[in-house]
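# Coordinate analysis (summary)
Here is how the chains run, residue by residue.
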Amino acid sequence: GAGVSQTPSNKVTEKGKYVELRCDPISGHTALYWYRQSLGQGPEFLIYFQGTGAADDSGLPNDRFFAVRPEGSVSTLKIQRTERGDSAVYLCASSQNKADTQYFGPGTRLTVL
Amino acid sequence: QKEVEQNSGPLSVPEGAIASLNCTYSDRGSQSFFWYRQYSGKSPELIMFIYSNGDKEDGRFTAQLNKASQYVSLLIRDSQPSDSATYLCAVNPSGNTGKLIFGQGTTLQVKP
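Residues numbered from 1 in each chain as written. Chains lettered and ligands numbered in written order. Predicted model: local features only at pLDDT ≥ 70, side-chain atom pairs only at ≥ 80, totals over all residues. Heavy atoms only, no water.

In this section: the pairing of strand β3 (residues 19-24) of chain A. All names here are of chain A. The alternating pattern of β3 places Val19, Leu21 and Cys23 on a buried face, while none of Glu20, Arg22 and Asp24, on the opposite face, is buried. Inspection of the sheet shows strand β1 (residues 5-7) paired to β3 by three bridges, in the antiparallel sense. Residue pairing in the sheet places Thr7 in a bridge with Arg22 of β3. Across five bridges, β3 lies against strand β8 (residues 75-79) in antiparallel orientation. Note on β8: the bridge partner recorded for Leu21 is Leu77. (Buried < 20%, exposed > 50% of the residue type's maximum accessible area, 1.4 Å probe, protein only. Helix = DSSP H or I, 4+ residues; strand = E, 2+ residues; numbered from the N terminus. Pairing = 2+ DSSP bridges.)

Next comes the structure, spelled out in structure tokens:
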């Protein structure tokens, strides 16, 4: 079946702009995760949804970052007033239930100029 | 101390040899452990998971877990050039959360 999809694959924006990154999980997966990966590092946890609710948002770096999953399927990660330090690959993953194997999407490469 | 530690490498082995990748973690209550492979420019893909102490084998791959030592490893037998990638160790920490804590990854180079 279809895997996790993410759009756009690449996003270039200017400092101070607002961006939205979309994730479409594997059908039927109730858990959805956002991670951020910088060059040479492992993925860093941002937020985890169980259904429509954010069960753990402890990884969001500050209040410029926000994510939603209004219908328990597609999720959008929103970044306000982007900074150059936000440049990274943003990975989305989904799993059937919490703590089950997580399957990753191809990522969105965000570049803030 | 980082929560999950891996030697960044690169680890270089000849084709056909056994590659041994190691990972330590700090949260003693961690319950599940994962190895992901990541090719350059691609997203992580699951190789193996392990929950219980001991060894778990899947084809050329063996995961080993020692909770007392807070240590998990991945052995790759008969290494192939196509195994050249970064291997990420990930831990599901205690606290009833689904998140994974990743190490920085070990780069493996298999030379023909």
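This part covers the environment of Leu74 of chain B. Structurally, Leu74 of chain B can be placed in strand β8 (residues 71-76). Those residues within four positions of Leu74 of chain B in sequence are excluded, and the remaining contacts are Ala19, Ser20, Leu21, Trp35, Met48, Phe61, Thr62, Ala63 and Tyr87 of chain B. (Contact = heavy atoms within 4.5 Å.)

Tallying the contact residues gives 18 residues for chain B and 19 residues for chain A. Across the interface of chain B and chain A, roughly 1,500 Å² is buried in total on both sides, 51% from carbon and sulfur atoms. Counting the surface chain B buries against chain A, the share from its top three residues, Gly98, Lys99 and Phe102 of chain B, is 28%. Viewed at the interface, chain A and chain B are joined by zero salt bridges. (Buried area = accessible area lost by both parts, 1.4 Å probe. Salt bridge = Lys/Arg side-chain N within 4 Å of Asp/Glu carboxyl O.)

Time to look at the sheet that holds β1 of chain A. Residues and elements named next belong to chain A. Across the sheet, four strands lie side by side as β1-β3-β8-β7; this open sheet has antiparallel pairing. What marks the edges here is a single partner per strand, and that holds for β1 and β7 (65-68). Pairwise comparison of adjacent strand axes, ignoring direction, gives a mean angle of 15° for this sheet. (Axes fitted to C-alpha atoms, helices over the stretch in contact; angles between N-to-C directions.)

The next thing to look at is the pattern of salt bridges. It is possible for side chains bearing opposite charge to pair when their charged atoms get close. On inspection of all chains with the given rule, the structure shows seven salt bridges over all chains. The salt bridge involving Asp24 of chain A is made with Arg22 of chain A; its shortest N-O contact spans 3.9 Å. With a relative accessible area of 27%, Asp24 of chain A lands in the partly exposed category. Residue Glu57 of chain B is joined to Arg77 of chain B by a salt bridge in which the shortest nitrogen-to-oxygen separation is 3.5 Å. Separated by 20 residues along the polypeptide, Glu57 of chain B in strand β6 (residues 54-58) and Arg77 of chain B in the loop between β8 and β9 (85-92) bring together distant segments of the chain. Among the residues examined, Glu57 of chain B registers a relative accessible area of 60% and is labelled exposed. Look at Arg77 of chain B and you get partly exposed, because its relative accessible area is 26%. Among the ionic contacts, a cluster of salt bridges with common partners joins Arg64, Glu83 and Asp86 of chain A.

Further remarks concern the nonpolar core. All names here are of chain B. Ranked by size, the top nonpolar core spans 24 residues in total, and within it Trp35, Val72, Leu74, Ile76 and Tyr87 carry the most contacts. Mapped by element, the contributors of at least two residues to this core are β3 (19-25), β4 (32-38), β5 (45-50), β7 (61-66), β8, β9 and β11 (106-111). Dropping the residues within four chain positions of it, Val72 is found in contact with Leu21, Asn22, Cys23, Phe33, Trp35, Ile50, Gln64, Leu65 and Cys89. (Core = buried A, V, L, I, M, F, W, Y, C linked by side-chain atoms within 4.5 Å.)

It is worth spelling out the sheet that holds β6 of chain B at this point. One open sheet holds the five strands; their spatial order is β1-β3-β8-β7-β6 (chain B), and the pairing between them is antiparallel. Looking at the sheet topology across the chains shown, the edges are occupied by β1 (4-5) and β6 of chain B.

Residues and elements named next belong to chain B. Secondary-structure assignment places Asp83 in the loop between β8 and β9. With a relative accessible area of 1%, Asp83 lands in the buried category. A polar contact of 2.9 Å, which involves the side chain of Asp83, links it to the side chain of Arg60. (Polar contact = N/O pair within 3.5 Å; in protein donor to acceptor, adjacent residues only side chain to side chain.)

Function-wise, these values are silent; they only describe arrangement.
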